[in-house]
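So the chains spell out like this:
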Amino acid sequence: MATTLKDLARACGMTASTVSRALRDDPRVKAATRARIQALAEGLGYHPNLAARTLAAGRSRTIWFLLSNLQSALEHEPAHHAGIILAEHGYDLLVALHRNDAASYQRQLARLMQGTADGALIIPNVALDDNGLVRALMRRDFPLVFLDRFPRDLPEV
């Protein structure tokens, strides 16, 4: 079983909030205390729970790129360049490959609705467009960028 933040706090004899601050190099925690907590975390094999951090922060620092295949230069080149630019701004680009499968595309859009990413780049496939989910994302002001073409029957903003 993985070591949790609470386990680490108990082992350090400190509160979970102090341990959390120390692991994030917060200057409010003395340098010696930070070093001790970080060493103990490493020794116990502690790794932060990314899902919990994402939930607490309200952002994932990830952008999804929805595309149909990696063989097409039209699709893989923009993904490559977007990954470079996003990395310069502290974001990771995750490629979501739907392979021109409508169920896969809908599942990916539904996952975006669940807050798995901070935005999405999409090369729409007219045959697959689930404009109901895209509209729902737009109503939530979810950042969407369409590349190459805009989906049919959606209001352009």
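Description of the structure in this document. Quantities reported herein were computed from a predicted structural model and do not represent experimental measurements.

Calculation criteria
- Residues numbered from 1 in each chain as written.
- Predicted model: local features only at pLDDT ≥ 70, side-chain atom pairs only at ≥ 80, totals over all residues.
- Heavy atoms only, no water.
- Pairing = 2+ DSSP bridges.
- Helix = DSSP H or I, 4+ residues; strand = E, 2+ residues; numbered from the N terminus.
- Axes fitted to C-alpha atoms, helices over the stretch in contact; angles between N-to-C directions.
- Contact = heavy atoms within 4.5 Å.
- Phe/Tyr/Trp six-rings, centres within 6.5 Å; stacked < 30°, edge-to-face > 60°.
- Lys NZ or Arg CZ within 6 Å of the ring centre and 35° of its normal.
- Patch = residues over 30% accessible without salt bridge, like charges linked within 9 Å, V, L, I, M, F, W, Y side chains within 5 Å.
- Areas by Shrake-Rupley, 256 points an atom, 1.4 Å probe, with all protein chains shown as cover.
- Salt bridge = Lys/Arg side-chain N within 4 Å of Asp/Glu carboxyl O.
- Buried < 20%, exposed > 50% of the residue type's maximum accessible area, 1.4 Å probe, protein only.

What about the sheet that holds strand β4 (residues 144-146)?
Move 1: Overall, parallel pairing links the four strands, which are arranged β2-β1-β3-β4 in an open sheet. Single-partner strands in this sheet number two, and they are β2 (92-97) and β4. Taking each pair of neighbouring strands and ignoring which way they run, the sheet shows an average axis angle of 20°.
Move 2: Pairing analysis gives three bridges linking strand β3 (residues 120-122) to β4, with the strands arranged parallel. From the neighbouring strand, I122 faces β4, where its bridge partner is F146.
Move 3: Across the sheet, helix α5 (residues 73-88) lies against β1 (62-67), β2 and β3, angled at about 175° from β1, the strand it touches most.
Move 4: Docked against the sheet, helix α6 (residues 102-113) engages β1, β2 and β3, running at close to 165° with respect to β1.

What about the packing of aromatic side chains?
Move 1: Taken as a whole and judged by the stated rule, the model has zero aromatic pairs.
Move 2: Between the NZ or CZ atom of R61 and the centre of the ring of Y91, over which it lies, the distance is 4.1 Å.

Quick notes on a nonpolar patch on the surface
Move 1: Among the surface-exposed residues, L70, V95 and L97 lie close enough to one another that they form a single nonpolar patch of about 220 Å² accessible area.
Move 2: Overall, L97 belongs to the partly exposed group, its relative accessible area being 31%.

Digging into unusual backbone geometry
Move 1: In this model, R99 sits at a positive phi of 55°, which is unusual for a non-glycine residue.
Move 2: Relative to the helices and strands, R99 is located in the loop between β2 and α6.
Move 3: On the basis of relative accessibility, which here comes to 51%, the residue R99 falls in the exposed class.
Move 4: With phi around 60°, D141 is a residue other than glycine that occupies positive phi space.
Move 5: As for its placement among the helices and strands, D141 is situated in the loop between α7 (131-139) and β4.
Move 6: Taking relative accessible area as the criterion, D141 reaches 66% and is therefore assigned exposed.

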